[in-house]
Amino acid sequence: MAEAISASNIEEILQQRLLDVAATVDTQEVSRVVEVGDGIAHVLGLKRAMAGELLEFTSSTTGKTVYGLAQNLDREEVGAVLFGDVDSIKEGDECRTTGRVMDIPVGEGMLGRVVDPLGQPIDGKGPIGATHRRPIEFKAPGVIDRTPVCEPVQTGLLAVDAMIPVGRGQRELIIGDRKTGKTAIAIDAIINQRGKDMICVYVAIGQKASTVAAIRETLAEHGALDYTVIVAANASTSAPLQYIAPMAGAAIGEYFMYNGRDGKPASASNPGGHVLAVYDDLSKQAVAYRQMSLTLRRPPGREAYPGDIFYLHSRLLERACKLSEANGSGSLTALPIIETQDGDVSAYIPTNVISITDGQIYLQGELFFQGQRPAVDVGISVSRVGGSAQTKAMKQMAGNLRLDLASYRELAGFTQFGSDLDAATQRQLTHGARMTELLKQPRFRPMHVADQVIALFAGNKGYIDDLEIADVVPFRDGLINYVDGAYRKLRDRAAEAKIDDELAAELESVIKDFKEEFMAARTAPETPAADAEEN
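Residues numbered from 1 in each chain as written. Predicted model: local features only at pLDDT ≥ 70, side-chain atom pairs only at ≥ 80, totals over all residues. Heavy atoms only, no water.

1. Re the pattern of salt bridges
Thinking step 1. Taken as a whole and assessed by the stated rule, the structure comprises 27 salt bridges.
Thinking step 2. One salt bridge in this structure joins aspartate 281 and lysine 284, with 3.2 Å as the shortest N-O distance.
Thinking step 3. The buried category is assigned to aspartate 281, whose relative accessible area is 2%.
Thinking step 4. One salt bridge connects lysine 440 with glutamate 437, and the closest N-O pair in it is separated by 3.2 Å.
Thinking step 5. Judged by its relative accessible area of 14%, glutamate 437 is buried.
Thinking step 6. A cluster of three or more residues bridged by salt bridges with shared partners is formed by Arg146, Arg171, Glu318 and Asp358. (Salt bridge = Lys/Arg side-chain N within 4 Å of Asp/Glu carboxyl O. Buried < 20%, exposed > 50% of the residue type's maximum accessible area, 1.4 Å probe, protein only.)

Printed below as a string of structure tokens:
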């Protein structure tokens, strides 16, 4: 017999159905674009919009969705910068809030790829299987969550690793005029990270697409692309994309720093990764931000830059740090690049970034054109981390190198018009000239730290002082190959521990043997066959 319908039965059924209802409330605000131009949209209303919030624009003509970033929060309207197909957005089009700050996809799948600042692939190799998303703006860890910088990041460049060492978690500025080798130092540092458990992120801001393609091919040729992500905001892209490019690169790097290899948050039992981020260059990002700010009608300040340009770069570079053991001991090392005009390091943007970073590698155009590559000016260049980011042997060998080179350059300038020099001055000039030559290094030929130590040991002990200037680099390269081939254990010892008297005696014996062979080969008479060919 069917169950009788009663008021109580109906009430129970209604109550159960009400409990099963899972209603969601859409709190999006909707408004209209009142003005658009130069990639900037002014939207009326949106009282609850947040600074840095992602806004969703819908074109009334094409139906396409374009995203923007809320920047100006005025009383009556919101000023936003647009990404993507900005020309499709017209006055009167619909704009909605999304309730979330701007983020990009991140993950292991980005390694070896070239992406735009929105995290989308632009290398024609198909979609990226991103596993996570991270906000482009992220609060830097506090002092308690950090630990002092104490592990070296070997760049493979003798002049840098010896005198201006970079440590994991450091922010070391590369600064100099155009075409003085700034990018070359950064690319050499990336290539030298092969096999060192370091992820690299190269951010190209305002570069030509052909330049970015050449850098990608260089990294691929030297086996460095597998652990590198390239974020490209080319010169043809809009100012807002160039503005967010370095922050997107930092977000990609932070994924590896804050997570272990399993993709889970880093901890004492799940170590985080180590990342090297290159921002090439922040001068162009500052120009893009200036353009964006002026079109947003923000008041200009010094050199027409907005007043918060310092805060922009400090927010970015503060994200580089060495995390404490409790947070996984990961690190993000930043190598920002700044381009100067005719060596003017006192301009607004250079002084800003110098005051934020932990030191600078200053490249001088005059040294570059004299053939000193890398063209590092030891007088202005400095690392505020110093010996804490060096191995014991390197710290021992490079202790007086900076002072010796600075004294040599000053003495060379003082004595260039004089002819009568005492023996001590002549020895100092001879030694300084050869130590300067010892630091020359071709592109894409990074040196192992053990080879650097051995080269400096030979220089400090005076084994190159009686060589011709042109023979210094061949002697150094030959010595490195000689030790690497016949004395591998000795080479490994030089890389790991402080050089004591016993190790020093062994190194001197090996260097003496090689020098005898080197000098014999240099002074050997030409063979008759060679004479016949010349005749």
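2. Description of the state of the cysteines
Thinking step 1. Following the criterion strictly, the structure yields 0 disulfides and no others.
Thinking step 2. With no disulfide of its own, cysteine 150 lies 13 Å from the sulfur of cysteine 321, the closest cysteine sulfur.
Thinking step 3. For cysteine 150, a relative accessible area of 48% puts it in the partly exposed group.
Thinking step 4. Judged by relative accessible area, which is 1%, cysteine 321 ranks as buried. (Disulfide = S-S within 2.5 Å.)

3. Some details on the packing of aromatic side chains
Thinking step 1. All told, the structure shown has 10 aromatic pairs when counted by the stated rule.
Thinking step 2. Between tyrosine 255 and phenylalanine 256, the ring centres sit 5.1 Å apart and the planes meet at 80 degrees, which makes this aromatic pair edge-to-face. Side by side, tyrosine 255 and phenylalanine 256 carry an identical accessibility label, which is buried.
Thinking step 3. Between phenylalanine 368 and phenylalanine 369, the aromatic rings sit 5.6 Å apart at their centres with planes inclined by 85 degrees, giving edge-to-face as the arrangement.
Thinking step 4. Through successive ring pairs, a cluster of aromatic residues spans Phe475, Tyr482, Tyr487, Phe514 and Phe518. (Phe/Tyr/Trp six-rings, centres within 6.5 Å; stacked < 30°, edge-to-face > 60°.)

4. What about the sheet that holds strand S12 (residues 228–233)?
Thinking step 1. The mixed open sheet is built from 8 strands, whose spatial order is S8-S12-S11-S13-S14-S10-S15-S16. Bordering the open sheet on either side are strand S8 (114–115) and strand S16 (382–383), each of which pairs with just one other strand.
Thinking step 2. Where strand S13 (residues 274–280) lies against strand S14 (residues 331–340), 6 bridges are found, and the strand directions are parallel. Looking at the pairing, tyrosine 279 lines up with proline 336 of S14.
Thinking step 3. Packed on one face of the sheet, helix H5 (residues 239–258) meets S8, strand S11 (199–205), S12, S13 and S14 and runs near 175 degrees to S11. (Pairing = 2+ DSSP bridges. Helix = DSSP H or I, 4+ residues; strand = E, 2+ residues; numbered from the N terminus. Contact = heavy atoms within 4.5 Å. Axes fitted to C-alpha atoms, helices over the stretch in contact; angles between N-to-C directions.)

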